[in-house]
Amino acid sequence: MTGTCLNLSRLYVLSLPGVFQTCRHIHSQRTPMLFRATQQLLAEPMKKKKRIDPSILAAREAKKIKKIDKEIKKLTRFGRILKPVAEIELPKKQFTLAKERQRTSPVLSFEELEDRALLQKQWGRYKTNTWVHQQRVYDKLITAQDEALEELKAESDYLYKEALKVDYGMVAMYFEGPKSTPPIKDYSPPDGDYVDTTRKY
Amino acid sequence: MASPSLFSSLMKCLQGTLFSRMRVLNGQLSSHLNANQVRHGSILYSAICVERHPVVTSKKSRIEENFSEVLSKIEKENSYLSDHEVRRLKEQRAAKSKQENAEEEPSNIDSETVTALDLEDKWDAEIKSFTPASRITQADDTGDQKSLDRKLDSSLYLLVKQNVAGRDHWVLPQATWEDGETLRQTAERALSSVCGDVSANVLGNAPCAVAKYVPPSEDEEQPIKLFFYKAWHRGGNVNIDKGIASDYVWVTKEEMKDFCHNSYNRHLNKFIFDI
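An unreviewed UniProt entry lists chain B under the name Large ribosomal subunit protein mL46, with Elysia crispata given as the organism. Entered under Sequence similarities (unreviewed entry) in the UniProt record, the comment concerning chain B runs "Belongs to the mitochondrion-specific ribosomal protein mL46 family." UniProt's Subcellular location (unreviewed entry) comment on chain B is quoted here verbatim: "Mitochondrion".

The name given to chain A in an unreviewed UniProt entry is Large ribosomal subunit protein mL40, with the source organism recorded as Elysia crispata. Database annotation for chain A, UniProt heading Sequence similarities (unreviewed entry): "Belongs to the mitochondrion-specific ribosomal protein mL40 family."

See below:
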């Protein structure tokens, strides 16, 4: 019966449960390369399982759980706290003690306030005048340069074009501003104490 | 009261600036249209104006002095007490209460702690032991005009005594333009050939002013155009080439009048300003 079945149809054979399960057809060709999943008869016999004391196992488990618990505790305590940025944070001390730090400034007299207001107005005028003066200077400078460029253009187009080119050497230009006292020649600054103020978190 | 005139002057300034910029831009555009032709009608010169910037701040004017005083007063009034001041106050209070207690029961504990006042004394002593360099230098006292150490609070300009048209004149270092170089390169060459190893940053490729000299008689002589370039002094001492120039000075704008010829000075006034 089985023989006829085989001859009749492979599909039919495959559909039989249990009996021909060792042979699998995964190909659509007529003579497929079949692979057989035989039983593993050459394997080494299984080793006998060692019996461990259940109390030791329980202890191990407890240890693991304890370790994880500890980690969780630590994270919940510190995990959300970010490293403070000293530049952004307001000095707490100064705010809690603001009252103590209040300066007892003298009450200004009317004359004093008036003087200050007048001086402020005077200052505003002074600054405006300097600004106007500066603008006039810039104007004169530009006029002088324009005149020079016009004269140059009349002489030579090549030189004129060269003069109009952007000077990229200016990009790296630096200037050290005036200071209140001149530098002392060959001055060696005294060594200070090294104090490490870096905070550890 | 003075506002209408002030306003109009402001507007004039702005207008002037805008128009001149526009002119430069227009010039830039039209230059591309022109053919690359060179026509030299006159002899070209480049001069370089080397400026040493002020080393120290200029003296405050009366109003600046007054205003900065008031500003610092206001700032102090609005401020909070510093840590040091709080500490000093606390110590003062503690000392007072100690004095009152001492009258009742004298204690012999003389603490050796450093108080805020002690610290202040220490700081005062420290600052007194340091003497900054004087704003008025030796060169100012002796009137040495070749030194760069003079007149630290104002700009200094380099003048050389150069042979111009057969006569010695006090001028900015100058050189004739030669074929193949730009005017800026001529200016840089002028500085290096006349003054040796003075390093300076030339400010831009464009000349900042021009001086025209038309010969009086209609001879073969060509007119002269002298283009000025500005530069910042960066270091190095003047080492004058005796073949080209005989002398040099570092002078302020006011002192230039005493050295330069009037007609030359007029041209310098077009682009040298002490703001």
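The rest of the description comes next.
Draft legend 1. Region of interest: the overall build of chain B. On a plain count of helices and strands, chain B comes out with eight helices and eight strands. A total of 275 residues make up chain B; the buried ones form 36% of that total. The long-range fraction of contacts in chain B, counting pairs at least 24 apart against all pairs at least 6 apart in sequence, stands at 71%. Within the structure as shown, chain B displays about 17,100 Å² of accessible surface, and the carbon and sulfur contribution to it stands at 52%.

Draft legend 2. Main features of the overall build of chain A. In terms of regular secondary structure, chain A is built from six helices and zero strands. When burial is assessed residue by residue, chain A has 15% of its 201 residues classed as buried. Considering only contacts in chain A between residues 6 or more positions apart, those separated by 24 or more positions represent 9%.

Draft legend 3. Main features of the interface of chain B and chain A. Of the residues lining the interface, 80 residues belong to chain B; the matching set on chain A comes to 65 residues. Each partner contributes to the roughly 6,600 Å² buried at the junction of chain B and chain A, and carbon and sulfur atoms together form 60% of this total. The largest share of the area that chain B buries against chain A comes from Ile63, Phe67 and Ile275 of chain B, three residues that together contribute 9% of it. Across the chain B-chain A interface, the total number found is 10 salt bridges. Across the pair Arg116 of chain A and Glu77 of chain B runs a salt bridge, and its minimum N-O distance is 3.0 Å. Where chain B packs against chain A, one counts 23 residue pairs in polar contact (both at pLDDT 80 or more). Secondary structure elements with two or more residues in the side of chain B that touches chain A: helix 1 (3–33), helix 2 (62–78), helix 3 (83–104), helix 6 (183–195), strand 5 (199–202), strand 6 (209–213) and strand 7 (224–235) of chain B. The dominant element in the side of chain B that touches chain A, judged by the number of residues it contributes, is helix 1 of chain B, at 14 residues. Each residue belonging to the side of chain B that touches chain A can be placed in one class, and the counts come to 35 nonpolar, 26 polar and 19 charged.

Draft legend 4. Focus on the nonpolar core. Residues Leu158, Leu183, Cys195, Val238 and Trp250 of chain B are the most contacted members of the largest nonpolar core, which totals 32 residues. Counting only elements with at least two residues in this core, the list comes to helix 5 (110–155) and helix 6 (157–164) of chain A together with strand 1 (43–52), strand 2 (156–164), helix 6, strand 7 and strand 8 (245–251) of chain B. At five residues, helix 6 of chain B tops the list of elements feeding residues into this core. When residues no more than four places from it in sequence are discounted, the contact partners of Val238 of chain B are Leu158, Cys195, Val198, Tyr248 and Trp250 of chain B. Ranked by size, the runner-up nonpolar core spans 22 residues in total, among them Ala144 of chain A together with Cys49, Tyr157 and Val249 of chain B.

Draft legend 5. Broad picture of the packing of helix 5 of chain A against helix 6 of chain A. Residue and element names in this part refer to chain A. Packing of helix 5 against helix 6 leaves a shortest axis separation of 6 Å and a crossing angle of 145°. Of helix 6, the residues touching helix 5 (which contributes Leu149, Leu152 and Lys153) are Asp157, Leu159, Tyr160, Ala163 and Leu164. Here the residues of the contact of helix 5 with helix 6 are counted per class, giving six nonpolar, no polar and two charged.

Cut-offs applied
- Residues numbered from 1 in each chain as written.
- Chains lettered and ligands numbered in written order.
- Predicted model: local features only at pLDDT ≥ 70, side-chain atom pairs only at ≥ 80, totals over all residues.
- Heavy atoms only, no water.
- UniProt positions renumbered as here; feature names shortened; annotations may be inferred.
- Helix = DSSP H or I, 4+ residues; strand = E, 2+ residues; numbered from the N terminus.
- Buried < 20%, exposed > 50% of the residue type's maximum accessible area, 1.4 Å probe, protein only.
- Contact = heavy atoms within 4.5 Å.
- Areas by Shrake-Rupley, 256 points an atom, 1.4 Å probe, with all protein chains shown as cover.
- Buried area = accessible area lost by both parts, 1.4 Å probe.
- Salt bridge = Lys/Arg side-chain N within 4 Å of Asp/Glu carboxyl O.
- Polar contact = N/O pair within 3.5 Å; in protein donor to acceptor, adjacent residues only side chain to side chain.
- Nonpolar A, V, L, I, M, F, W, Y, C, P; charged D, E, K, R; others polar.
- Core = buried A, V, L, I, M, F, W, Y, C linked by side-chain atoms within 4.5 Å.
- Axes fitted to C-alpha atoms, helices over the stretch in contact; angles between N-to-C directions.

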